[in-house]
Amino acid sequence: MFSPFLLYSDGRGNIFEDVSLYAAGRSGWDAVPVDEEDWILLPEGGSLYELPGRRGIGIDVRTGNMRLCEKGWAVAAFIPPAHTGLYLAAYETEKDAPTLPLFCYTATGWHEDRFYVPALRIEQDIRQEALGYNEQNIKKGASHLLKSYPHNRLVKHLMENCCMTYHCPAARNFSLGRWECPVPVSPACNANCIGCISFQPQEETIHSTQDRLSFRPSSEEIVEFTVPHLQTAAYPIVSFGQGCEGEPLLMWEIIREAILEIRKHTARGSININTNGSRPEAVHALCEAGLNSIRVSMNSARKHLYEAYYRPNNYVFEDIIESLRIVRQAGGWTSINYFVFPGMTDSIEEYEALRKFIQATGLRMIQWRNFNIDPDWYLGKTGSAETGTAMGVKNLMDLLKTEFPLLKFGYFNPPMERIRGNFEKDFAS
Ligand code: SF4
């Protein structure tokens, strides 16, 4: 067993290890030691960030005491999809430090010439493996789609913006004719999430990571490319609700029309919607049209914390419970896109609320997502001066597994083969 050394940067993008300090983790507001068995090699596709205006906190290798690293700025890791971080990077933030952009900031350390992170692989599906993307094939696939659908604004947006500019893994998989195909439809939203990745208010210093869709596609434009994808792709899924749009349920009439038309041409694959779950009546109409699965995004199963983050317009926390219930009762697959914040997500208060949420909705799957947000900014904006007693993310998972043995864990929307077949085997591998 080992403890990796703390990493720091010189502020010019150069990273060094401090052999006088072991790396620590962060849980809520606290710097904490990380159990040795929680460290894994930084997975392929991961990257490192220097954190300006922040001093790393580590464990003195001689005294065992926590102290600051004064040699440079703190360093954090962005861990790739399919992995869930167990601890945030531990640091002290200086008064005028800039707000960090919308990425996840997992703890990281150095041991025997390798970078390590406290994380676990929560999903075996390989659909977003960094090594699975061949740039040449993506370019060829993108130009083929643009030629095949010359008048389709949505294909143009997906290939020129999402695939070739934002490097969205889902849009890149669509260009390669495989797995989950993204279908953004909504230029508007009925929530005002603090960490919205498609729209950030002028007064905020950080920027959204992609621009929000600027037009409403027609159902014809949607059907034109989704039917061939469902008919030909491996483990096919078409997913409404993407990072480059607002809330898809605000466009439910267009989605309903598209689903009805799609199912006239093919019964293959899964039709999924990633959503904030705000409109149960719209969800009901989509289930009647043939929707197969829903994924509702949430930062917390506690009403006050959910509403402090989502700042909803004309809907309430109870609506998302109702939306999940409706899909469950219609025989569809239900997941939550659960933003993991170590120290908050694994607090006893959150655990109790999540148990009730799972019981109330009959939830089928938790997708344990890393929360792409500046931790101090999030806690400050949600008024979380106290984060409660943390039990550890792994312990939380074990407790839920014991109480809800049929509840699935992962990171991606499951294909129909996995929903109807062997969940542990039937997926892209
Ligand atoms: S629900 Fe989605 S699009 Fe709407 S504000 Fe939140 S993150 Fe942004």
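Residues numbered from 1 in each chain as written. Predicted model: local features only at pLDDT ≥ 70, side-chain atom pairs only at ≥ 80, totals over all residues. Heavy atoms only, no water.

Some words on the overall build of the protein
Move 1: When helices and strands are counted, the protein shows twelve helices and 21 strands.
Move 2: In terms of overall dimensions, the protein has a C-alpha envelope of 70 × 45 × 45 Å along the principal axes.
Move 3: When each of the 429 residues of the protein is scored for burial, the buried share is 57%.
Move 4: For the protein, restricting intrachain contacts to residue pairs at least 6 apart in sequence, the fraction spanning at least 24 positions comes to 77%.
Move 5: Roughly 17,700 Å² of accessible area belongs to the protein as shown, and the carbon and sulfur atoms make up 51% of that amount. (Helix = DSSP H or I, 4+ residues; strand = E, 2+ residues; numbered from the N terminus. Buried < 20%, exposed > 50% of the residue type's maximum accessible area, 1.4 Å probe, protein only. Contact = heavy atoms within 4.5 Å. Areas by Shrake-Rupley, 256 points an atom, 1.4 Å probe, with all protein chains shown as cover.)

Side note on the pairing of strand 7 (residues 54–60)
Move 1: With seven of its seven residues buried, strand 7 lies for the most part within the structure.
Move 2: Sheet topology note: the strand 2 (residues 15–23)/strand 7 ladder contains three bridges and is antiparallel. Bridge assignment links L21 to a residue of strand 7, and that residue is D60.
Move 3: For strand 7 and strand 12 (residues 91–93), the ladder comprises three bridges, and the chain directions are antiparallel. Note that in strand 12 the partner of R54 across the bridge is T93.
Move 4: Looking at chain direction, strand 7 and strand 8 (residues 66–68) are connected through three bridges and run antiparallel. Counted as the bridge partner of I57 is L68 from strand 8.
Move 5: Counted along the chain from strand 7 to the antiparallel partner strand 8, the turn is five residues long, and its residue G64 has a positive phi close to 80 degrees. (Pairing = 2+ DSSP bridges.)

Some remarks on helix 5 (residues 252–265)
Move 1: Given a rise of 1.5 Å per residue, 14 residues ought to cover 20 Å, and the 20 Å separating the end C-alpha atoms of helix 5 matches this to within 8%.
Move 2: Within helix 5 the residues assigned to the buried category are I254, I255, A258, I259 and I262. Along helix 5, the residues classed as buried sweep out an arc of 135 degrees about the axis, all on the same side.
Move 3: Those residues of helix 5 that are buried are in contact with helix 4 (219–232), strand 16 (237–240), strand 17 (270–275) and helix 6 (280–289). (Expected span 1.5 Å × (residues − 1). Arc of directions from axis to C-beta.)

Examining the domain arrangement of the protein
In many reports, interface size means the accessible area that the parts give up when they come together.
Move 1: Under the domain assignment, the protein is made up of domain 1 (5–121) and domain 2 (130–420).
Move 2: Contacts between the two partners involve 30 residues from domain 1, matched on the other side by 34 residues from domain 2.
Move 3: Summed over both sides, the interface between domain 1 and domain 2 buries roughly 2,500 Å², with carbon and sulfur atoms accounting for 64% of that surface.
Move 4: On the domain 1 side of the interface with domain 2, the three residues burying the most area are W29, T99 and L102, jointly 29% of the side's total.
Move 5: Applying the counting rule to domain 1 against domain 2 returns three salt bridges.
Move 6: Notably, a salt bridge pairs R54 with D374, separated by 3.2 Å at the nearest N-O pair.
Move 7: Among the secondary structure elements, those contributing two or more residues to the side of domain 1 that touches domain 2 are strand 3 (25–27), strand 10 (83–85) and strand 12.
Move 8: Sorting elements by how many residues they give to the side of domain 1 that touches domain 2 places strand 10 first, with three residues.
Move 9: Here the side of domain 1 that touches domain 2 is built from residues that sort into 17 nonpolar, eight polar and five charged. (Domains from an automatic or database assignment. Buried area = accessible area lost by both parts, 1.4 Å probe. Salt bridge = Lys/Arg side-chain N within 4 Å of Asp/Glu carboxyl O. Nonpolar A, V, L, I, M, F, W, Y, C, P; charged D, E, K, R; others polar.)

Observations concerning the packing of helix 2 (residues 153–163) against helix 4
How two helices sit against one another is set out by the angle between their axes and by the gap between those axes.
Move 1: It is at 8 Å that the axes of helix 2 and helix 4 come closest, and there the two elements cross at 60 degrees. The orientation of helix 2 with respect to helix 4, classified from their angle, is oblique. Between helix 2 and helix 4, the residues in contact are R153, L154, V155 and L158 and E221, I222 and F225, respectively.
Move 2: Here the residues of the contact of helix 2 with helix 4 sort into five nonpolar, no polar and two charged. (Axes fitted to C-alpha atoms, helices over the stretch in contact; angles between N-to-C directions. Parallel < 35°, antiparallel > 145°, perpendicular 65-115°, else oblique.)

Structural notes on the sheet that holds strand 11 (residues 88–89)
Move 1: Spatially, 4-3-11 is the arrangement adopted by the three strands of the open sheet, whose pairing is antiparallel. A single partner strand is all that each edge strand has here, and the edge strands are strand 4 (30–32) and strand 11.
Move 2: Examined bridge by bridge, strand 3 and strand 4 share three bridges and lie antiparallel to one another. For R26, the partnering residue across the bridge sits in strand 4 and is A31.

A look at the nonpolar core
Move 1: If you look at the biggest cluster of nonpolar residues, it comprises 102 residues, and the most contacted ones within it are F240, I366, W368 and L400.
Move 2: Built from parts of two domains, this core gets at least three residues from each of domain 1 (5–121) and domain 2 (130–420).
Move 3: Setting aside anything within four residues of it in sequence, one finds L400 in contact with Y351, L354, R355, I358, I366, W368 and F409.
Move 4: Core analysis: the second largest hydrophobic core is formed by eight residues, L51, A76, L100 and Y105 among them. (Core = buried A, V, L, I, M, F, W, Y, C linked by side-chain atoms within 4.5 Å.)

Points about the side chain of E180
Move 1: On the secondary structure map, E180 appears in strand 15 (residues 180–183).
Move 2: Engagement of the side chain of E180 in a polar contact is seen with the side chain of R127, the distance being 2.7 Å. (Polar contact = N/O pair within 3.5 Å; in protein donor to acceptor, adjacent residues only side chain to side chain.)

Points about the environment of K356
Move 1: Considering the arrangement of structural elements, one finds K356 in helix 9 (residues 348–361).
Move 2: Of the residues examined, K356 reaches a relative accessible area of 55% and is grouped as exposed.
Move 3: Through-space distance from the C-alpha of K356 to that of R302 is 10.0 Å; in sequence the pair is 54 residues apart.

Here we look at the packing of aromatic side chains
Move 1: Overall, the coordinates contain 23 aromatic pairs when judged by the stated rule.
Move 2: Centre to centre, the rings of Y309 and F339 are 6.4 Å apart; their planes meet at 75 degrees, and the pair counts as edge-to-face. Pair noted here: Y309 is in helix 7 (residues 303–310) and F339 is in strand 19 (residues 333–340), with a separation of 30 residues, a long-range link. F339 carries the same exposure label as Y309, and that label is buried.
Move 3: Linked through ring pairs, Y306, Y309, Y310, F317, F339, F341, F357, F371 and Y378 together constitute an aromatic cluster. (Phe/Tyr/Trp six-rings, centres within 6.5 Å; stacked < 30°, edge-to-face > 60°.)

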